[in-house]
Amino acid sequence: MDSKSDKSGSQNTRREFVRDIGAAGLLVAAATGAPTVFAQGKAPISLSFWTFENPQQRPWLHKRVKQYTDRNPHVKVDFQWFAMGDLSKKVSVGYATGTAPDGFVSQDWVMPVWMSKNLLAPLDVSRLGYANYNAFVDDFAPAFVAGATQGGKVYGYPLWFYAFSNYINTNHFKEAGLDPVKNAPKTWDEFGEVAKRLTRKEGGKFTRQGFKFSMIAPVWTMLQYNPILLMSGGKWFDDAGKCTVNNVAGVKAMTLRASMVRQYGTEDPTDTIATAPLPGMDWLKERCSMFWSHPLPLVAIKSQNEKMAAEGYFKPIQYPGIGSTKGFSTSYGFNLVINAQVSQAKQEALHDLYKFIMSDPLDAWADTQPFPLARKSGWADNPAVKTFPHVDEILGARDRGVYLPRTVVYNELSDAMHRAVQKVLLNNGDIQQTLNEAAAEVDRASAALKKA
Amino acid sequence: MLDVGSRGLASESGSATAIDLAHRQRLPRKRRGWSLRYRHRIQLWGFGFVLPTLLFLAVFKYGPMLWAIDLSFHAYDIVSPPRYVGLENYRLLLADPIFRETLINTLFYIAGSTLLITVVGLALALAINTGVPGSRSCMTIMFLTNLMPILAVCLVWRFLLHPYGLVNQVLEPFGIGRINWLTNDSTALPAIIIVTVWRFAPYFMVVFLAALLALPADYYEAAELEGAGALRRFWHITLPLLSPTIFFVVVVSALLSARIFLMPYIMTGGGPGNATRVLPMLIYETAFSYMKMGMAAAISVVLFAIMLVFTALQMRFFLRREQVNS
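Residues numbered from 1 in each chain as written. Chains lettered and ligands numbered in written order. Predicted model: local features only at pLDDT ≥ 70, side-chain atom pairs only at ≥ 80, totals over all residues.

Regarding the overall build of chain B
Along the backbone of chain B there are 14 helices and two strands. Within the span of chain B, comprising 326 residues, buried residues form 31% of the whole. A fraction of 67% describes how many contacts in chain B between residues 6 or more apart in sequence connect residues 24 or more apart. (Helix = DSSP H or I, 4+ residues; strand = E, 2+ residues; numbered from the N terminus. Buried ≥ 20, exposed ≤ 12 C-beta atoms within 10 Å, placed from the backbone. Contact = placed C-beta atoms within 7 Å.)

Topic: the sheet that holds strand E7 (residues 165–169) of chain A
Residues and elements named next belong to chain A. Strand order across the open sheet formed by five strands is E8-E9-E10-E7-E11, with mixed pairing between neighbours. Looking at which strands have only one partner, the edges of the open sheet turn out to be strand E8 (200–202) and strand E11 (314–317). The average angle at which neighbouring strand axes cross in this sheet is 25°, direction not considered. Bridging between E7 and E11 involves four bridges; their strand directions are antiparallel. Looking at the pairing, Tyr167 lines up with Pro316 of E11. (Pairing = 2+ DSSP bridges. Axes fitted to C-alpha atoms, helices over the stretch in contact; angles between N-to-C directions.)

Focus: the domain arrangement of chain A
Interface size, as often reported, equals the accessible area lost upon joining of the parts. All names here are of chain A. If you check the domain split of chain A, you get domain 1 (45–155 + 332–359) and domain 2 (165–329 + 405–451). Of note, the centres of domain 1 and domain 2, computed from C-alpha atoms alone, are 30 Å apart. Domain 1 puts 11 residues into the contact, and the matching count from domain 2 is 11 residues. Elements that contribute at least two residues to the side of domain 1 that touches domain 2 include exactly helix H3 (84–97) and helix H4 (111–116). Examining the composition of the side of domain 1 that touches domain 2, we find that three residues originate from one element, H4, more than from any other. Here the residues of the side of domain 1 that touches domain 2 are counted per class, giving seven nonpolar, four polar and no charged. (Domains from an automatic or database assignment. Nonpolar A, V, L, I, M, F, W, Y, C, P; charged D, E, K, R; others polar.)

Some remarks on the interface of chain A and chain B
The partner chain B presents 25 residues to the 25 residues of chain A that form the contact. Breaking the side of chain A that touches chain B down by element, the ones donating at least two residues are H3, helix H11 (269–275), helix H19 (410–426) and helix H20 (431–451) of chain A. Of the residues forming the side of chain A that touches chain B, the biggest block, six residues, is contributed by H19(A).

Section: the confidence of the model for chain B
Residues and elements named next belong to chain B. Across chain B, the average pLDDT comes to 86, with 87% of residues at or above 70. Within chain B, helix H5 (residues 97–129) carries the highest mean pLDDT (95), whereas helix H1 (residues 9–13) carries the lowest (43). Counting interchain partners and residues more than four positions distant, the pLDDT-below-50 stretch residues 1–15 has 14 contacts. Here the predicted complex carries an ipTM of 0.78, next to a pTM of 0.81. (pLDDT = per-residue confidence, 0-100.)

Things to note about the packing of helix H9 (residues 218–231) of chain A against H19(A)
Angle between the axes and distance between the axes are the two parameters that describe a pair of packed helices. Residues and elements named next belong to chain A. Running from N to C, H9 and H19 cross one another at 80°; their axes reach a closest spacing of 8 Å. Judged by the inter-axis angle, H9 sits roughly perpendicular to H19. Touching Pro218, Val219, Thr221, Met222 and Tyr225 of H9 are Ser414, Asp415, Met417, His418 and Val421, all from H19. Split by residue class, the contact of H9 with H19 holds six nonpolar, three polar and one charged. (Parallel < 35°, antiparallel > 145°, perpendicular 65-115°, else oblique.)

So, unusual backbone geometry
Among all residues save glycine, negative phi is the norm, and among peptide bonds the norm is trans. The linkage connecting A:Gln369 with the following residue, A:Pro370, adopts the cis geometry, with an omega of 10°. Looking at the element boundaries, A:Pro370 is found in the loop between helix H16 (361–368) and helix H17 (383–386). Cis geometry marks the peptide bond from B:Gly271 to B:Pro272, where omega comes out at 0°. Within the secondary structure, B:Pro272 sits in the loop between helix H12 (262–267) and helix H13 (279–289). Non-glycine residue A:His390 carries a positive phi angle of around 65°. You can see A:His390 is positioned in the loop between H17 and helix H18 (391–400).

Remarks on the environment of B:Ile141
All names here are of chain B. Among the structural elements, Ile141 can be located in helix H6 (residues 135–143). Using a count of 11 C-beta atoms within 10 Å as the deciding quantity, one classes Ile141 as exposed. As for Ile141 and Leu55, which are separated by 86 residues in sequence, their C-alpha atoms are 41 Å apart.

Let's talk about the packing of H5(B) against H6(B)
Residue and element names in this part refer to chain B. The interhelical angle for the contact between H5 and H6, taken along N-to-C directions, is 150°, at an axis separation of 9 Å. As the angle between them shows, H5 and H6 are arranged roughly antiparallel. Seen along the crossing, H5 lies across H6 with a hand that is left-handed. Counted together, Leu124, Ala127 and Ile128 of H5 and Ser135, Cys138, Met139 and Met142 of H6 form the full contact between these two elements. Here the residues of the contact of H5 with H6 sort into six nonpolar, one polar and no charged. (Left-handed = near helix turned anticlockwise from the far one by under 90°.)

Notes on H19(A)
Residue and element names in this part refer to chain A. For H19, with 17 residues, the first-to-last C-alpha span of 24 Å sits near the 24 Å given by 1.5 Å per residue. Taking burial as the measure, the 17 residues of H19 include 17 buried ones, the bulk of the element. Asn428 lies just past H19 and shows a positive phi near 55°. (Expected span 1.5 Å × (residues − 1).)

Observations regarding the confidence of the model for chain A
All names here are of chain A. Summing up the model confidence of chain A, the mean pLDDT is 88 and the portion of residues at 70 or higher is 90%. By mean pLDDT, helix H1 (residues 2–41) is the weakest element of chain A at 49, and helix H7 (residues 170–175) is the strongest at 97. Predicted confidence for residues 1–11 stays below pLDDT 50, and this span has zero contacts to residues more than four positions away or in other chains. pLDDT under 50 marks residues 28–40. Its contacts with residues more than four places away, or in other chains, come to four contacts.

Side note on helix H8 (residues 188–198) of chain A
Residues and elements named next belong to chain A. Those residues of H8 that sit buried are Trp188, Phe191, Gly192, Val194, Ala195 and Leu198. The arc that holds the buried residues of H8, viewed along the axis, is 170°, so those residues lie on one side. Here the buried face of H8 lies against H7, strand E9 (205–212), helix H10 (248–262) and strand E10 (288–293). (Arc of directions from axis to C-beta.)

Here's the deal with the pairing of strand E1 (residues 45–52) of chain A
Residues and elements named next belong to chain A. In the sheet, E1 pairs with strand E2 (residues 75–82) via eight bridges, with the strands oriented parallel. The partner of Ser48 across the bridge, within E2, is Asp78. On the question of chirality, the crossover connecting E1 to the parallel E2 by way of helix H2 (residues 57–71) is right-handed. As defined by bridge partners, E1 adjoins strand E3 (residues 103–107) across two bridges and the pair is classed as parallel. (Right-handed = clockwise from strand over helix to strand, strands pointing away.)

Following this line, the structure appears as structure tokens:
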């Protein structure tokens with residue numbers, strides 16, 4: 001028995017030895033060659049992806065997409081970008097003509113439009129690396145992620161999320177005998193008076209505007225008007241869904257909006273709208289002392305004004321408050337979304353692509369600073385972020401900020417308000433009447449939508 | 001006359017070609033039936049050659065037109081299937097002050113640009129036709145405005161018409177104060193009309209010039225002998241003889257003007273307020289920004305109807321004038 005058992009044990013050992021070598025070979029093959037074989041074996045897939053143009057954000061997204069396709073050669077991505085104001089219109093045209101991209105970056109304020117028409121596919125958060133829905137939601141600012149979720153489903157993967165600040169030229173402050181810290185305007189009255197002192201004119205022509213609004217497009221009108229309306233105690237809509245931009249608070253807000261021209265004379269709106277450069281270009285070129293802007297990257301400042309970037313005589317500060325309300329601005333952001341009309345295979349590939357894009361938040365910060373990411377984890381505590389100039393003001397503005405109205409008639413609302421601002425400022429229109437017209441226009445759109 | 005039997009082929013067809021007849025002459029009498037089929041085959045071949053064009057027009061031109069008319073009676077938001085709503089879209093349009101303002105803007109723009117394009121185009125052609133040295137070079141230079149990309153034209157004119165732009169600087173020595181060309185609701189649309197005329201008048205100048213060169217010289221010689229002055233010759237000879245060309249220019253420039261989109265879109269974005277918004281812009285916004293395809297289709301039907309009525313009136317006016325002249 002023993003010898004047999006020994007013999008058999010000896011035979012087994014040899015067999016086992018051979019088997020082990022074979023298994024080891026298979027394991028080595030599995031560990032090295034198999035992924036390549038697997039990748040090559042995957043069916044080729046072509047994706048289209050659209051985003052908005054920005055000198056930092058668009059190249060970073062492009063870089064990440066390229067890195068992904070390099071690692072996954074079976075995936076091809078047609079990467080296209082458009083001006084910020086045009087992106088949602090292009091996507092709408094795409095949906096209308098059956099040429100919408102498979103995935104795109106959506107501004108958070110148009111999410112309700114897409115979601116109300118079931119144009120976005122719900123995201124599988126486990127495929128994005130989150131344990132469950134709650135883990136996903138907890139990783140973002142609640143108010144922001146609320147705009148990307150509906151009925152317990154996630155429709156947008158938040159990308160960047162930031163707010164406007166009042167960018168001041170500290171040299172201009174000093175020239176005008178103002179202290180950039182002590183005299184930083186905290187109320188609207190102070191704001192108007194400071195802007196007036198910063199304004200320079202020669203023969204009725206502005207050589208420097210103390211403060212200017214952007215009038216380039218409806219999106220800028222909304223971003224800048226939104227906090228004025230809310231700080232004035234106004235609302236975009238009442239509980240019944242009726243547009244209320246023309247109530248007493250609404251009139252107060254538009255009066256304040258117009259006060260920089262009508263009362264303080266700090267800007268020339270005809271010049272602003274007719275020139276239509278990049279919003280904020282006048283501030284970068286020091287033709288304007290204060291401007292409300294999203295976080296301004298140092299490279300953007302440097303590209304237009306090397307001296308300002310090198311000497312750092314600029315500073316983002318909080319918006320002026322109105323009445324007893326402390327100042328705040330508009331917070332907004334962007335989501336990675338998936339077209340609901342594309343195949344399951346494409347949806348899955350886009351999940352993988354989005355997970356990869358967002359897998360290195362520090363790389364995102366390094367390339368796109370000072371645009372903060374929407375997610376909480378993995379970046380904000382890093383020293384590279386914490387030591388960034390003015391980062392506290394940038395993040396503080398984001399956290400204090402208010403959102404653009406989330407409504408399915410957002411485009412109608414923004415166009416109506418853009419027209420109203422133009423009528424009031426360029427044609428000296430009556431504020432109450434102009435706002436009545438705008439509110440009626442929005443109510444007509446809401447009524448038509450309800451009826452449809 | 002070829003002898004083709006009692007049932008002469010020429011008389012059957014009424015327009016037999018020499019090849020047909022020669023072919024049939026060679027055929028034995030019993031195969032006359034085949035020759036008839038041959039004629040049908042020729043016709044079928046002809047029809048076959050035309051068919052792709054007919055199909056192209058049906059699918060890409062008249063099909064979408066009919067579909068747009070049909071869509072104007074539906075509520076359609078791109079995603080959900082179109083829902084029949086009857087005349088609701090038209091009722092909403094009539095009640096919409098933005099639409100009414102835009103309609104008035106469009107009519108003003110069509111009338112202004114058509115009138116000025118015709119007058120300026122004719123005036124330029126008459127000036128070139130005088131044969132003053134250098135006039136041909138001037139014509140070539142003026143025609144270049146048509147070759148410039150529309151985007152470049154719009155951007156250049158936006159800077160020229162800027163409150164501190166070249167146009168205002170040129171006008172300043174004449175005591176004309178700053179005009180906010182594109183930012184004032186009373187000057188914005190006229191400014192766009194001026195740019196339209198600047199762009200399109202030289203094109204129609206060439207059309208007028210071609211017609212002027214084709215006018216018979218003996219009419220003018222006879223009029224001169226009778227002592228008619230330049231103005232009378234223009235009024236009694238040139239203008240009547242040019243009336244078909246004027247009709248063509250008026251109709252074509254009106255149709256071009258009705259489709260204007262890029263100029264106001266780029267130069268003013270439809271503003272200030274709603275001062276330069278025209279129907280094609282409203283169609284675009286309604287369809288692609290507000291996703292109301294049915295409503296956008298209704299606006300396009302209104303625009304189509306305006307152009308149809310306008311063209312019919314023009315034809316009636318000019319044809320009656322032609323009849324009176326003849």
